[in-house]
Amino acid sequence: MENFLKKTPLKRFHLKDFRYECFLGKGASGSVYKHSQNKETYVVKVLRKDGWEEDDFYEDLLWQTEIIKQMGRLEQSVYFIGFDVIEKDNNETVALIMEYFESTCDLYDYINYRQFWTKSYDKHGYSYKRGNVYSKYMMDKKQKLQITKRFLEAIEEIHSKRVGIVHGDIKTANIILDKDNRMKLIDFGASIFSEENGGLCKTDWNHGTLGYSSPEDTNHYLLGKGSDIYSLGVSLIEIWSGRIWGDAEDFQTCRNEVLRALRMIEKNDKEIGTILRKMVNVNSKKRPKIKTVISYFKEKNLF
Ligand SMILES: Nc1ncnc2c1ncn2[C@@H]1O[C@H](COP(=O)(O)OP(=O)(O)O)[C@@H](O)[C@H]1O
Ligand SMILES: [Mg+2]
């Protein structure tokens, strides 16, 4: 920990000077709370240390804080102001402090709320059968395009020359939305600095989440901007088709589900399907860069 405290570029705050407001949620890497100070509201993420060797935890965290520092203040990602070391369950851990974004839910839940189950089939582009009920997905094209645009811009920002990071865990659950559908990208616990040439970097664990994670990350622990493009492609397929693959257990089963949903999009919204298919190419070199994806939407007058 001494080494972390000496080297981290993030500023240390004292959480005891903040007022605790409420608990917001619990994720895989920690619990999230709302705090305030001088009328400003912040989010505090208390990191979980279980499953980590002490040294590895701080080494990984040092890396994460360097990434956060490099990001600075971006439009479409949450902004981190600093950290504190706190006592939790008779153990010391780190709490990251970031801006509070008044979100109503994450994009994963938002998509699920627009999924309706009916007994009778009614002709609808994104209807499919599960067991003996039919799912009907209710999100209009204008809204899908708006969400797509903001999602692409968030990735463009972190992949830019100035920032140059790979998020590593792009998925709809790591996007939070407010009531006006503004969005922020969160959760940089799996992020890495991108290779100079934009190629793949060898890591020692699978960074992404099954279903969204690229084949190179899932099978070989290789990560690059192209891996984010794959996960973004899967997330967009989820937004457009309303289908999710939460219960699949291995890469191929998820991939089959993703391709099934993609075929549905190709049938209903061909232009969208064309670019999404390129984004989820199994070969990372064949996937388009984020700028190319955005240009495609502009050329087709979709944005
Ligand atoms: N800056 C923020 N503003 C508002 N809510 C947030 C913020 N950051 C996280 N949350 C809430 O906390 C949840 C978990 O955060 P996340 O960083 O994704 O944790 P994990 O790594 O455990 O998945 C999010 O789904 C969201 O509801
Ligand atoms: Mg998360």
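Keep in mind that what you see is a predicted model, and the values were worked out from it rather than measured. (Residues numbered from 1 in each chain as written. Chains lettered and ligands numbered in written order. Predicted model: local features only at pLDDT ≥ 70, side-chain atom pairs only at ≥ 80, totals over all residues.)

Draft legend 1. Summary view of helix 7 (residues 251-268). In this model, helix 7 (18 residues) spans 26 Å end to end at C-alpha, consistent with the 26 Å of a helix rising 1.5 Å per residue. Residues of helix 7 that are buried: Cys254, Val258, Ala261, Leu262, Met264 and Ile265. Projected onto a plane normal to the axis of helix 7, the buried residues spread over an arc of 155° and lie on a single side. Turned more than 90 degrees off the buried face of helix 7, the exposed positions are Gln252, Asn256 and Lys267. (Helix = DSSP H or I, 4+ residues; strand = E, 2+ residues; numbered from the N terminus. Expected span 1.5 Å × (residues − 1). Buried ≥ 20, exposed ≤ 12 C-beta atoms within 10 Å, placed from the backbone. Arc of directions from axis to C-beta.)

Draft legend 2. Highlighting the nonpolar core. If you look at the biggest cluster of nonpolar residues, it comprises 62 residues, and the most contacted ones within it are Leu96, Ile97, Phe151, Ile237, Ile265 and Leu276. No other element matches helix 6 (residues 225-241), which puts eight residues into this core. Both domains that furnish three or more residues to this core are identified here as domain 1 (2-100) and domain 2 (104-299). Residue contacts for Ile97: discarding those within four places in its chain leaves Phe13, Tyr42, Val44, Phe80, Ile81, Gly82, Phe83 and Asp84. (Core = buried A, V, L, I, M, F, W, Y, C linked by C-beta atoms within 7 Å. Domains from an automatic or database assignment. Contact = placed C-beta atoms within 7 Å.)

Draft legend 3. Spatial organisation of the sheet that holds strand 3 (residues 40-47). Strands sit in the order 1-2-3-5-4 across an open sheet of five strands; the sheet is antiparallel. Both outer strands of the open sheet, strand 1 (19-26) and strand 4 (80-88), are each paired with one neighbouring strand and no more. The sheet shows a mean angle of 30° between the axes of neighbouring strands, taken without regard to direction. As judged from the six bridges shared by strand 1 and strand 2 (residues 30-37), these two strands associate in the antiparallel manner. Note that in strand 2 the partner of Tyr20 across the bridge is His35. (Pairing = 2+ DSSP bridges. Axes fitted to C-alpha atoms, helices over the stretch in contact; angles between N-to-C directions.)

Draft legend 4. How the structure looks around the site of ligand 1. Taken together, 21 residues surround ligand 1, and among them Gly27, Ser29, Val32, Phe101 and Asp187 come closest. Of all the secondary structure elements, the ones that give two or more residues to the shell around ligand 1 are strand 1, strand 2, strand 3 and strand 5 (91-99). Across the shell around ligand 1, the residue classes tally to 10 nonpolar, seven polar and four charged. Looking at which domains feed residues into the shell around ligand 1, each of domain 1 (2-100) and domain 2 (104-299) supplies at least three. (Near = placed C-beta within 6 Å. Nonpolar A, V, L, I, M, F, W, Y, C, P; charged D, E, K, R; others polar.)

Draft legend 5. How the structure looks around unusual backbone geometry. Despite not being glycine, Asn181 has its phi angle at roughly 65°, a positive value. Among the secondary structure elements, Asn181 is positioned in the loop between strand 11 (175-177) and strand 12 (183-185). Of the residues examined, Asn181 has 13 C-beta atoms within 10 Å and is grouped as partly exposed.

Draft legend 6. Here's a closer look at the environment of Gly30. Here Gly30 shows up in strand 2. On a C-alpha basis, the gap between Gly30 and Leu47 in space is 4.4 Å, while along the polypeptide they are 17 residues apart. Aside from chain neighbours lying at most four places away, what touches Gly30 is Lys45, Val46, Leu47 and Arg48.

Draft legend 7. The arrangement of the packing of helix 4 (residues 141-159) against helix 9 (residues 290-299) in detail. Running from N to C, helix 4 and helix 9 cross one another at 145°; their axes reach a closest spacing of 9 Å. Between helix 4 and helix 9 lies a crossing whose hand is left-handed. In this structure, helix 4 contributes Leu152, Ile155, Glu156 and His159 to the contact, and helix 9 contributes Ile290, Lys291, Val293 and Ile294. Residue composition of the contact of helix 4 with helix 9, by class: five nonpolar, one polar and two charged. (Left-handed = near helix turned anticlockwise from the far one by under 90°.)

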